[in-house]
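Per-entry structural report
The chain contents come next:
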Amino acid sequence: MKVNNNYIKRMLLSYLPILLVTISMLIFVFFSVINQLHVRNAIQANDLTAEYVANMVDSSLKGISFDAQKMIEDGGDMQRFLDGPSDRATDFDASNLLSNLMVRYGLIDSVYLYRAKDGKVLDQSTIRPLTQFPDQAYFRSVLEQPYTGVWSSPRMKGSERSNEVRVSSLGFKIPRDSGSLGYVIVNVKIASLESFIGQMIDPAITEAELFDAAGQSFFEDERQASSRNRLSVDIVSDYTGWTYRIGIKGGQLFDFLFHGSTVWILLGLSAIVFAIGSTLYVTRRNYKPIESIMHRIERFSSSVKAGDLKEKENEFSFIDQAIERLITNNMVFQEQQQEHLVIRRQQFLQLLLKGEDEGEREEWEQEREFYGLAAGKFIVSLVELDYYGQFAMKYSPNDQSLFKFIVSSVAVELAEQNGLRVVAEWIAKNQLVILLISNESGALEHQMLQLSEHIRAWVDSHLDFTVTIGVGTPAEDESRIGGSFDDAMAAVSRKVSFGVNQIIDSVEVKGKSDSEWFAYLEMIRTIVRQLRMSEDEWHNELKRLFSEMAVHRLRKDDVDRLLDYFVFHLDYELEGVLPEVVKPWLQEAKPNLLAVMAQCDTLKQLEDGFVATLTGLYQHIEELSQSRRHNVLMREIRDYVAEHFMDPNLSLTLLSDRFQINSKYLSQLFKESIGQNFSDFLIGLRIDYAKRLLRDSDVTVQDISDRMGYANPTSFIRVFKKVVGLSPGQYRDSRMRDTELN
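Residues numbered from 1 in each chain as written. Predicted model: local features only at pLDDT ≥ 70, side-chain atom pairs only at ≥ 80, totals over all residues. Heavy atoms only, no water.

**Quick word on the overall build of the protein chain**
Within the protein chain, the regular secondary structure consists of 29 helices and 14 strands. Among the 742 residues that make up the protein chain, the fraction classed as buried is 44%. For the protein chain, the exposed area adds up to about 40,300 Å²; of that, 53% sits on carbon and sulfur atoms. (Helix = DSSP H or I, 4+ residues; strand = E, 2+ residues; numbered from the N terminus. Buried < 20%, exposed > 50% of the residue type's maximum accessible area, 1.4 Å probe, protein only. Areas by Shrake-Rupley, 256 points an atom, 1.4 Å probe, with all protein chains shown as cover.)

Here it is in structure tokens:
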């Protein structure tokens, strides 16, 4: 290669990129002005977001406040709890009111109800004196406040398990003017509040902060309200007095773009002047060094050519390397775009499952076609991994992802083999949604059932785990896909009763009503009483409870609710009657029962876990019962009462004369040994006998009342309804309905 006299002109041409850079800077100045308009729009959108967040949070808090006041003012179970003597039924009804309030509002962490009459506090798990309540320090402070109904600053709520939770509390006196009956406190979990706000913003571009009236941060301890920048918005709530601060991430860059347009224009003009001058100066000054470098390149090229049979020049090989890097980066970019497409497709499918038709219809149709969701008839099935807790412990996260990919791929391939169009996406860690699209609505459900069976059989044959699939109802258009999904979700939730590794059609379970709750609660109370009194019949009664739940095909949520009540009622009974058993109950038996409820998927597993745990607890109670005083005598007295409970003359005086023991002392031993007053125990036996007659015979209420020694049927009906919760006629009708359903 020889440098000729025209090379200096070529050098001048090589400096033309400087002019291109200058022009690019001018273009950048132009786009900076355009970007300023976009930044203004972003700030306006940020203002609207801040107002929306404040309104939504205030609306939720107002709803909680309104429902809490309504619950106080309605009377009913709440009034009976505050006015009347304490009993389990009243405590349960009041606790159920508090639980219903928590169910309606996911922000609520806990609700306390203080009864001024005896200084006890009721929450969702138990009732206890104020002196034993973990959060008593705060309770005492609010009881002394003259004004209520104001949300507090963030605070740490006390806990029995030594872990504390940050909450904001709202309290009301009962009644509102004096608080003579009691006090109710609603605690909203700060973490739930933060999550609620986070769902209303895009965390990738927006950040949210919340401060109380004193400037204390809700989301980070010991952080005070900092001065806001020009691109953040502060909204002060008229309701709570809290400050909502919504800002744009990268605010300093946006602030510079917003206020630095003049600087960019000056820099652009300076660049033009500098480019023209530097082009002439650098070209003349650097010509000779460049010529020397080119000679070196020529010598290097010549040495390479000597061994290059193809005689290719390679002095610009770095260009090939740059192109290679560009191709590699482009491939990575394409892969990222494909991943983003999958995420957007999942989001679009979520909208369909929720029944949300967003935007203009034409845009919606374009979006649907873009993601391959053609028009037609639809049906949804939900594939759920069985025993997911064991699955998660057995396999690493990478292996779990691989198995999930295999299941979804198999579902798509099996559908294609049968000529079906499906969309399969994982919507939860253990749930795969399959959306079947067809132009024929008649065979839609049959096709989905057949495909679901193929998927279930393949997984059972080739993998170490199984799946249960719930099939929804056909949907005529995309607006009804959400309903089909809800039906599939309801069907798969019944696997706790149907069992795992099978297909559950929503048609099989739709319209099946669960039996009356009082029947289950009655069985639970009977089991707890038998356990507490160390009677062997508890095991058969527990078996009957799980058998009834299996017969009526209860959902997992219903089963969990009943077993939660079982644990709560057993906790309450043991604490009130058998304090010696409380320690082993709290340290071993209760945690084991809760672990069984969390880890088991079927009623059979739940039953085995409960039987194993309760057997150990029963043995402990039986040993304690054997060691108590007069155990043999009290068992003999109890058997005598159970045999002669229909005798109208049966009383403590009669028992005292028969067994030669003081009546007052006998009453004390009765309460200590059996856990009930003599009168309550006798009424319970008679009511159980009345229920058997109502279930198994056609004896009239009048005859039953006469047999039990009541002067008139009204007294019998009143006592029966107080104990059972239903009148004798209502009880007989409910049992007849259960028999017809079975």
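Don't stop here, the text continues.
**A short note on the sheet that holds strand β14 (residues 503-505)**
Pairing within the open sheet is mixed, and its five strands lie in the order β11-β12-β10-β13-β14. Each edge of the sheet is formed by a strand with only one pairing partner; in this case those strands are β11 (421-428) and β14. Each neighbouring strand pair of the sheet contributes to a mean axis angle of 20 degrees, computed without reference to strand direction. In the sheet, strand β13 (residues 467-471) pairs with β14 via three bridges, with the strands oriented parallel. (Pairing = 2+ DSSP bridges. Axes fitted to C-alpha atoms, helices over the stretch in contact; angles between N-to-C directions.)

**Regarding a nonpolar patch on the surface**
Where nonpolar side chains cluster on the molecular surface, the patch consists of Leu20, Ile23 and Ile27 and spans about 280 Å² of accessible area. If you trace the backbone, Leu20 turns up in helix α2 (residues 16-73). (Patch = residues over 30% accessible without salt bridge, like charges linked within 9 Å, V, L, I, M, F, W, Y side chains within 5 Å. Salt bridge = Lys/Arg side-chain N within 4 Å of Asp/Glu carboxyl O.)

**Describing the nonpolar core**
Formed by 42 residues in total, the largest nonpolar core has its most connected members in Val57 and Leu113. For this core, the secondary-structure elements that each account for two or more residues are α2, α3 (77-83), α4 (88-104), β1 (108-115), β5 (165-174), β6 (182-189), α6 (190-199) and β9 (243-248). Setting aside its immediate chain neighbours within four residues, Val57 contacts Leu193, Phe196, Ile197, Met200 and Tyr244. Counting residues in hydrophobic clusters, the runner-up holds 40 residues, among them Tyr520, Ile524, Phe568 and Leu593. (Core = buried A, V, L, I, M, F, W, Y, C linked by side-chain atoms within 4.5 Å. Contact = heavy atoms within 4.5 Å.)

**Some remarks on the sheet that holds β1**
Pairing in this open sheet of six strands is antiparallel, and the strands run β3-β2-β1-β6-β5-β4 from one edge to the other. Edge positions in the sheet fall to β3 (127-129) and β4 (155-157), since each of these pairs with one other strand and no more. On average, each strand axis in the sheet is inclined to that of its neighbour by 35 degrees, with strand direction left out of account. Pairing analysis gives eight bridges linking β5 to β6, with the strands arranged antiparallel. By the bridge assignment, Leu170 is partnered in β6 with Val186. Set on the sheet, α4 makes contact with β1, β2 (120-122), β3 and β6; between it and β1 the angle comes to about 150 degrees. Running over the sheet, α6 touches β5 and β6 and is turned about 50 degrees from β6.

**Observations regarding the packing of helix α26 (residues 678-696) against helix α28 (residues 713-724)**
To describe two helices that pack against each other, one gives the angle between their axes and the distance between the axes. As a packed pair, α26 and α28 sit with axes 11 Å apart at the nearest point and diverge in direction by 95 degrees. Considering their axes alone, α26 and α28 lie roughly perpendicular with respect to each other. In this structure, α26 uses Ile683, Ile687, Ala690, Lys691 and Leu694 to contact α28, whose residues at the interface are Phe716, Val719, Phe720, Val723 and Val724. The residue inventory of the contact of α26 with α28, partitioned by class, reads nine nonpolar, no polar and one charged. (Parallel < 35°, antiparallel > 145°, perpendicular 65-115°, else oblique. Nonpolar A, V, L, I, M, F, W, Y, C, P; charged D, E, K, R; others polar.)

**Some points on the side chain of Glu384**
Mapped onto the elements, Glu384 comes out in strand β10 (residues 377-385). A distance of 2.8 Å separates a polar atom in the side chain of Glu384 from a polar atom in the side chain of Gln431. Setting aside its immediate chain neighbours within four residues, Glu384 contacts Asn430, Gln431, Thr466, Val467, Thr468, Val492 and Lys495. (Polar contact = N/O pair within 3.5 Å; in protein donor to acceptor, adjacent residues only side chain to side chain.)

**A short note on the confidence of the model for the protein chain**
In the predicted model, the protein chain carries a mean pLDDT of 77, and 76% of its residues have values of at least 70. Under a pLDDT of 50 for its full length, residues 304-323 has, in the predicted model, eight contacts with residues more than four places off or in other chains. (pLDDT = per-residue confidence, 0-100.)

**Description of the environment of Leu606**
Checked against the element boundaries, Leu606 lands in helix α22 (residues 603-627). Linking Leu606 and Phe546, residues 60 residues apart in sequence, is a C-alpha distance of 8.7 Å. Not counting residues within four places of it along the chain, the set of residues in contact with Leu606 comprises Val496, Phe546, Val559, Leu563, Val596, Met597 and Cys600.

**A look at helix α19 (residues 538-551)**
Counted at 1.5 Å a residue, the expected span for α19 with its 14 residues is 20 Å, and the 20 Å between its end C-alpha atoms agrees. The complete set of buried residues in α19 reads Trp538, Glu541, Leu542, Leu545, Phe546 and Met549. Each buried residue of α19 lies within a common arc of 135 degrees when the element is viewed along its axis, so the set occupies one face. Opposite its buried face, α19 presents the exposed residues Asn540 and Lys543, each directed more than 90 degrees away. Directly after α19, the chain includes Arg553, whose backbone phi takes a positive value near 55 degrees. (Expected span 1.5 Å × (residues − 1). Arc of directions from axis to C-beta.)

**Let's talk about unusual backbone geometry**
A cis amide bond links Ile174 to the next residue, Pro175, at an omega of -5 degrees. Its place among the elements puts Pro175 in the loop between β5 and β6. Of note, Asn501 is a non-glycine position whose phi angle comes to about 60 degrees, a positive value. Considering the arrangement of structural elements, one finds Asn501 in the loop between α16 (495-498) and β14.

**Observations concerning the environment of Tyr387**
Assignment of secondary structure puts Tyr387 in the loop between β10 and α12 (388-394). Taking C-alpha positions, Tyr387 is 9.2 Å from Thr602, a pair spaced 215 residues apart along the chain. Every residue in contact with Tyr387, bar those within four places of it in the chain, is listed here: Val500, Asp601, Thr602 and Gln605.

**Some remarks on the packing of helix α24 (residues 652-659) against helix α25 (residues 663-674)**
Where α24 contacts α25, the axes come no closer than 9 Å and their chain directions differ by 100 degrees. With respect to each other, α24 and α25 are oriented roughly perpendicular. Taken together, the residues of α25 that come into contact with α24 (itself represented by Leu652, Leu655 and Ser656) are Ser663, Leu666 and Ser667. Across the contact of α24 with α25, the residue classes tally to three nonpolar, three polar and no charged.

**What about the pairing of β13?**
With five of five residues buried, β13 lies mostly within the body of the structure. Alternating residues of β13 divide into Val467, Ile469 and Val471 and Thr468 and Gly470, and every residue in both groups is buried. Bridging between β10 and β13 involves five bridges; their strand directions are antiparallel. Bridge pairing links Glu384 to Thr468 in β13.

**What to know about the packing of aromatic side chains**
What the rule picks out here adds up to 21 aromatic pairs. Aromatic ring contacts, followed pair by pair, group Tyr112, Tyr114, Phe133, Phe139 and Tyr183 into a single cluster. Between Arg115 and the ring centre of Phe81, over which it is positioned, the NZ or CZ distance is 4.3 Å. The ring of Phe659 carries Arg658 above its face, with NZ or CZ at 5.8 Å from the centroid. (Phe/Tyr/Trp six-rings, centres within 6.5 Å; stacked < 30°, edge-to-face > 60°. Lys NZ or Arg CZ within 6 Å of the ring centre and 35° of its normal.)

**A word on the pairing of strand β12 (residues 431-438)**
Within β12, eight of the eight residues are buried, which leaves the element mostly enclosed by the surrounding structure. Alternating residues of β12 divide into Gln431, Val433, Leu435 and Ile437 and Leu432, Ile434, Leu436 and Ser438, and every residue in both groups is buried. Judged from the eight bridges that link them, β10 and β12 form a sheet pairing that is antiparallel. Bridge assignment links Val380 to a residue of β12, and that residue is Leu435. In the sheet, β11 pairs with β12 via seven bridges, with the strands oriented antiparallel. By the bridge assignment for β12, Ala428 is matched with Gln431. Linking two consecutive strands that pair antiparallel, namely β11 and β12, is a turn of two residues.

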